[in-house]
Amino acid sequence: MHRPLIVLVAFTACLTGSLAVTSEIIQPIRRSGDEVALIFIPGAKIQGEAYRKTAVAIQQATNMTVWAALTGNYTLHIPNPLDMKSAVEGAIDGLKKAGMTSTNYVGIGHSLGGVFLSSYAENSPLKAVILMGSYINRGTKLRDYAKPLLTLSGELDGQTRITRIAVDYEQLQQDAKQNKTALYRKPVVNIKGSCHAQFASGPMPHEVVVNDLKPDITEKQAHAEIGRYVSHFLTVTFSTIQSEVTEAKMQLDYDFKESGTRFQPLLNVKALDMAGSICPWAQRVQGYLAGKLISRTTINNIILGEPKFAESKPSLARVGNRLVINTTTEIKYEWNIFDVSLNKESPREISVKMKSREAIEKALDSNPEAEVLMLNKNSSIPTCRSMNEQALNLALKNSTITAQERYKNRGRPLTFKDDIVYHTGIQWLTAALALDEDDKGLSVQSVALYVPMSSAVFPGMHYCKVLSPYRAMEWINVDSLRVHNVTASHL
């Protein structure tokens, strides 16, 4: 879902709404069991008929009587807020005329269609919502969404990245600790090896072709998985057969845990960016700089915004035979006011103000190393580059074995250049971590500031703008797997 596309949809919706949204009704393949209807809202520039195979796969996976309505013919072939009401109401009218007798209507939206569906559905005739490669807006907490909601994601979805859906999975984890019914009312599921296009069938629009990733499973396999997960959700939500509900809940428990084998490694590394007001990765970087003396240190950190970060200075305090190191951090994310799923969830850069190894050695009365005025890869003092290399190693180690193999076999590599070293705080503050992507891969170059202990001004400072391990994780699991750079040469 591109930001320009969302802006276009919003602008178009302000001007006009289509009066000709259509619905193709698919009859149930079974006439026993509780009756429910799926009203499909397509992704941008995807025809409604592209979801016929998906609908049939869901019908085949459940014992319920499942109708389907494939909506289409939206303004500019893009679902939008003004079309949504007439689309759903037209589908309901078509379902009634075709013979449906219950009012168990479920909206099922793909991609941008799911984004707009979820906003509309809360105050609508729909009894539940299913999102495929889509999500509710970040401003609404999962627990606060008014209706039962199933979020289906693809492990290799290049359009709605797994790291975006991990945000909702993390919310579900917290909600389930308070009330286990959250697992059944708001399940978040990841389909192993599937991509964005596989929620539908047939030709995909240019945006999907360019951004999506190569799947590890076939379309038929993906549809079968979608059918299975949707069947569990529909059964728990609508079935009147208690034995089937109990079995479906057991399946959703398993689905939650199995999806966690892919979500949790991402969340574990994401947690290094921010824990309340602390950046754990900044603490690790300072510890890495301290070397063998880390065992005698306590490292504190606080995340600051501008201008407080610019004014801050790291400090040392000797407490007995230990040293307290106080560090500061600023974390910058990409601008994403529209919650666009193509945008990365990880920080663009993490800026850390630390005390140098030389300062730590002197404060602990250790033998100081020789001063190093210019840092490079041959320096005896760790460089910002070496810290970035540590970030990549950590991201690789925490990725699943399958993700590691994908990156090794078909991923574009993440490489590093020597640091750009500055000698004034203003230079360092105004420079940025360089993230240069092209079809060959992603090159990372840090900016550093090192002040030797012999300096009359601010001695013992070591500043780095470093790569977030989570940014490396996103590169390994998502962006490296695209054949081409699809955003810009400079991120």
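Every value quoted in this text rests on a predicted model; they were computed, and no experiment measured them.

1. Describing the overall build of the chain
In terms of regular secondary structure, the chain is built from 16 helices and 15 strands. Each principal axis of the C-alpha atoms in the chain carries an extent, and together these give about 85 × 45 × 40 Å. Here the chain, with 491 residues, has 58% of them falling under the buried criterion. Contacts in the chain between residues at least 24 apart in sequence constitute 76% of all its contacts with a sequence separation of at least 6. Only carbon and sulfur atoms are counted for the fraction: they give 55% of the accessible area of the chain, which is about 20300 Å². If the 54 positive side-chain charges of the chain are averaged to one point and the 47 negative ones to another, these points end up 3 Å apart.

2. Thoughts on the sheet that holds strand β2 (residues 35–41)
Hydrogen bonds between backbone groups are what pair the strands of a sheet, and the pairing can be parallel or antiparallel. Spatial strand order, β1-β3-β2-β4-β5-β6-β7: seven strands in an open sheet with mixed pairing. Every other strand in the sheet has two partners, leaving β1 (22–26) and β7 (188–191) as the edge strands with one partner each. Within this sheet the neighbouring strands show an average axis-to-axis angle of 20°, counted without direction. With five bridges connecting them, β2 and strand β4 (residues 105–110) associate as parallel partners. Bridge assignment links alanine 37 to a residue of β4, and that residue is tyrosine 105. Against the sheet, helix α5 (residues 162–178) contacts β6 (149–154) and β7, and its axis sits at roughly 145° relative to β7. Along the sheet, helix α9 (residues 242–270) makes contact with β6 and β7, crossing β7 at roughly 60°.

3. Side note on unusual backbone geometry
With an omega of 0°, the peptide bond running from glutamate 306 to proline 307 counts as cis. Within the secondary structure, proline 307 sits in the loop between β8 (297–303) and α11 (308–311). Positive phi values are uncommon outside glycine, yet aspartate 339 reaches one of about 55°. Looking at where aspartate 339 falls in the secondary structure, it is placed in the loop between β10 (322–332) and β11 (349–355). What makes aspartate 339 buried here is its relative accessible area of 5%.

4. So, the state of the cysteines
Following the criterion strictly, the structure yields one disulfide and no others. Paired by a disulfide, cysteine 384 and cysteine 464 hold their sulfur atoms 2.0 Å apart. Judged by the sign of its S-S torsion, about -80°, the cystine formed by cysteine 384 and cysteine 464 is left-handed. Separated by 80 residues along the polypeptide, cysteine 384 in helix α13 (residues 384–398) and cysteine 464 in strand β15 (residues 461–466) bring together distant segments of the chain. Taken individually, cysteine 384 and cysteine 464 each receive the classification buried, so the pair is uniform in this respect. Unpaired in terms of disulfides, cysteine 279 finds its nearest cysteine sulfur in cysteine 464, a separation of 13 Å.

5. So, the side chain of serine 399
The residue serine 399 is located in the loop between α13 and α14 (401–410) in this model. A polar side-chain atom of serine 399 sits 2.8 Å from the main-chain carbonyl oxygen of alanine 395. Among the polar contacts listed, one links the side chain of serine 399 to the side chain of asparagine 477, at a separation of 3.3 Å. Leave out the neighbours within four places in its chain, and serine 399 touches Gln404, Met473, Ile476 and Asn477.

6. Some remarks on the packing of helix α3 (residues 81–98) against helix α4 (residues 112–121)
Close contact between α3 and α4 brings their axes to 10 Å; oriented N to C, the two are set at 75°. Between α3 and α4, the angle falls in the class roughly perpendicular. Residues Pro81, Met84, Lys85 and Val88 of α3 lie in contact with α4, whose contacting residues are Gly113, Phe116, Leu117 and Tyr120. Split by residue class, the contact of α3 with α4 holds six nonpolar, one polar and one charged.

7. A closer look at the confidence of the model for the chain
For the chain, the average pLDDT comes to 92, and 92% of its residues sit at 70 or higher. Between residues 2–18, whose pLDDT stays under 50, and residues either more than four places distant or in other chains, the model counts 36 contacts. Confidence drops under pLDDT 50 across residues 368–379; counting only partners more than four residues distant or on other chains, this segment forms 24 contacts.

8. Considering the pattern of salt bridges
What the rule picks out here adds up to 30 salt bridges. As a salt-bridge pair, glutamate 474 and arginine 161 come within 3.1 Å of each other at their nearest N and O atoms. Within this pair, whereas glutamate 474 is found in helix α16 (residues 469–477), its partner arginine 161 is found in the loop between β6 and α5, the two being separated by 313 residues in sequence. On the basis of relative accessibility, which here comes to 0%, the residue glutamate 474 falls in the buried class. For arginine 406, the salt bridge is made with aspartate 216, and the minimal N-O distance between the two is 2.8 Å. With arginine 406 in helix α14 and aspartate 216 in the loop between α7 (206–211) and α8 (219–238), the pair connects residues that are 190 residues apart, well separated along the chain. What emerges from the salt-bridge pattern is a single network uniting Arg138, Arg164, Asp168, Asp339 and Glu345.

9. Some details on the UniProt feature "domain: Alpha/beta hydrolase fold-5" (unreviewed entry) in the chain
Under the feature "domain: Alpha/beta hydrolase fold-5" (unreviewed entry), the UniProt entry names residues 37–200. Its end C-alpha atoms 18 Å apart, residues 37–200 is made of 36% helix and 21% strand.

10. A look at the environment of asparagine 104
Following the sequence through the fold, asparagine 104 ends up in the loop between α3 and β4. Overall, asparagine 104 belongs to the buried group, its relative accessible area being 17%. Considered as a pair, asparagine 104 and aspartate 34 are 70 residues apart in the sequence and their alpha carbons are 9.1 Å apart. What asparagine 104 contacts, discounting residues up to four positions off in sequence, is Glu35, Val36, Ala37, Lys127 and Phe238.

11. Looking at the nonpolar core
It is characteristic of soluble globular proteins that their nonpolar side chains tend to be buried jointly. Membership of the largest hydrophobic core comes to 89 residues, with the highest contact counts inside it found for Ile39, Trp281 and Leu414. Among the elements that take part in this core, α9 stands out by supplying seven residues, more than any other.

12. Considerations on the packing of aromatic side chains
Applying the stated rule across the entire model yields six aromatic pairs. For the ring pair tryptophan 428 and tyrosine 463, a centre distance of 5.1 Å and an interplane angle of 55° mean the geometry is tilted. Taken together, the positions of tryptophan 428 in helix α15 (residues 425–430) and tyrosine 463 in strand β15 put the pair 35 residues apart, joining distant regions of the chain. For the pair tryptophan 428 and tyrosine 463, a shared accessibility class is recorded, and that class is buried.

Calculation criteria
Residues numbered from 1 in each chain as written. Predicted model: local features only at pLDDT ≥ 70, side-chain atom pairs only at ≥ 80, totals over all residues. Heavy atoms only, no water. Helix = DSSP H or I, 4+ residues; strand = E, 2+ residues; numbered from the N terminus. Buried < 20%, exposed > 50% of the residue type's maximum accessible area, 1.4 Å probe, protein only. Contact = heavy atoms within 4.5 Å. Areas by Shrake-Rupley, 256 points an atom, 1.4 Å probe, with all protein chains shown as cover. Lys, Arg positive; Asp, Glu negative; His and termini not counted. Charge placed at Lys NZ, Arg CZ, Asp CG, Glu CD. Pairing = 2+ DSSP bridges. Axes fitted to C-alpha atoms, helices over the stretch in contact; angles between N-to-C directions. Disulfide = S-S within 2.5 Å. Polar contact = N/O pair within 3.5 Å; in protein donor to acceptor, adjacent residues only side chain to side chain. Parallel < 35°, antiparallel > 145°, perpendicular 65-115°, else oblique. Nonpolar A, V, L, I, M, F, W, Y, C, P; charged D, E, K, R; others polar. pLDDT = per-residue confidence, 0-100. Salt bridge = Lys/Arg side-chain N within 4 Å of Asp/Glu carboxyl O. UniProt positions renumbered as here; feature names shortened; annotations may be inferred. Core = buried A, V, L, I, M, F, W, Y, C linked by side-chain atoms within 4.5 Å. Phe/Tyr/Trp six-rings, centres within 6.5 Å; stacked < 30°, edge-to-face > 60°.

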